[in-house]
Amino acid sequence: MKTTFKFLGTAALVMVFAIQVFAADYKLDKTISTVKWNGKKVTGEHYGTIDLRNGNLQVEDNKIKSGTFQMDMTTIICEDISNESMNKKLVGHLKSDDFFSVEKFPASTFVIKKSEHKSGSIYTFTGDLTIKGISHPVTFDADVDISDGKLKAKGKMEVDRTLYDIRYGSGKFFASLGDNMIYDTFTLDFDVVASE
């Protein structure tokens, strides 16, 4: 009987050890990870960057199982307007209540709920994106590489801003906007690097 208990105990320890070997937490490297935004309107487009505040990913059997990222909305930068005063005006407008209400909601969050292998190094991710305190599911593809204690992921997320109560210049809610109409969908291109 004692031998049986010893065997079961050893087997349990082996199983725990195996789980530990194949599961790992990866922490975002903010210094080299990037998020680039792009918003389009009838007459053109604007683009720039947003800093990532923090992030972590849980990996099992070399596959991303879950994760959370926070974007620092106070760091919104516009890269396409060279005129300093015009640039400042646009960024201020983006931070205002017409758009992201940054003073009230300084961070936006994405939480990974599910990942599925698509082909090669491409995975499909589904999760909850929270902007201005409002959460909605989003799905997108990303190219993922996990090796030598490093995790790299590149992809593009399309976001319908009207779902997050960002209606300024939207043709869904305002008629006769003409050339002043701003398209409802904007994109977030991310290049994320994380380490164990």
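Preceding block: the structure.
Residues numbered from 1 in each chain as written. Predicted model: local features only at pLDDT ≥ 70, side-chain atom pairs only at ≥ 80, totals over all residues. Heavy atoms only, no water.

Side note on the layout of surface pockets
Working step 1: For the largest pocket, the calculated volume is near 690 Å³.
Working step 2: Around the largest pocket, the lining comprises 32 residues; the ones closest to its centre are His-46, Leu-90, Leu-94, Phe-99 and Ile-182.
Working step 3: Put simply, the parts of the chain that give the lining of the largest pocket at least two residues each are strand 2 (34-41), strand 3 (44-60), strand 4 (63-78), helix 2 (84-95) and strand 9 (182-195).
Working step 4: Residue classes in the lining of the largest pocket are distributed as 19 nonpolar, 8 polar and 5 charged. (1 Å grid on protein atoms, 1.4 Å probe; cavity = no way out; pocket = protein on both sides within 12 Å on 5 of 7 lines; lining within 4 Å. Points joined across faces, edges and corners; volume = space filled by probe spheres on them. Helix = DSSP H or I, 4+ residues; strand = E, 2+ residues; numbered from the N terminus. Nonpolar A, V, L, I, M, F, W, Y, C, P; charged D, E, K, R; others polar.)

Brief notes about the pattern of salt bridges
Working step 1: With the rule as written, the count across this model stands at 8 salt bridges.
Working step 2: Among the ionic pairs, Lys-104 bridges to Asp-97, the shortest N-O distance being 3.6 Å.
Working step 3: Assessed through its relative accessible area of 48%, Asp-97 is described here as partly exposed. (Salt bridge = Lys/Arg side-chain N within 4 Å of Asp/Glu carboxyl O. Buried < 20%, exposed > 50% of the residue type's maximum accessible area, 1.4 Å probe, protein only.)

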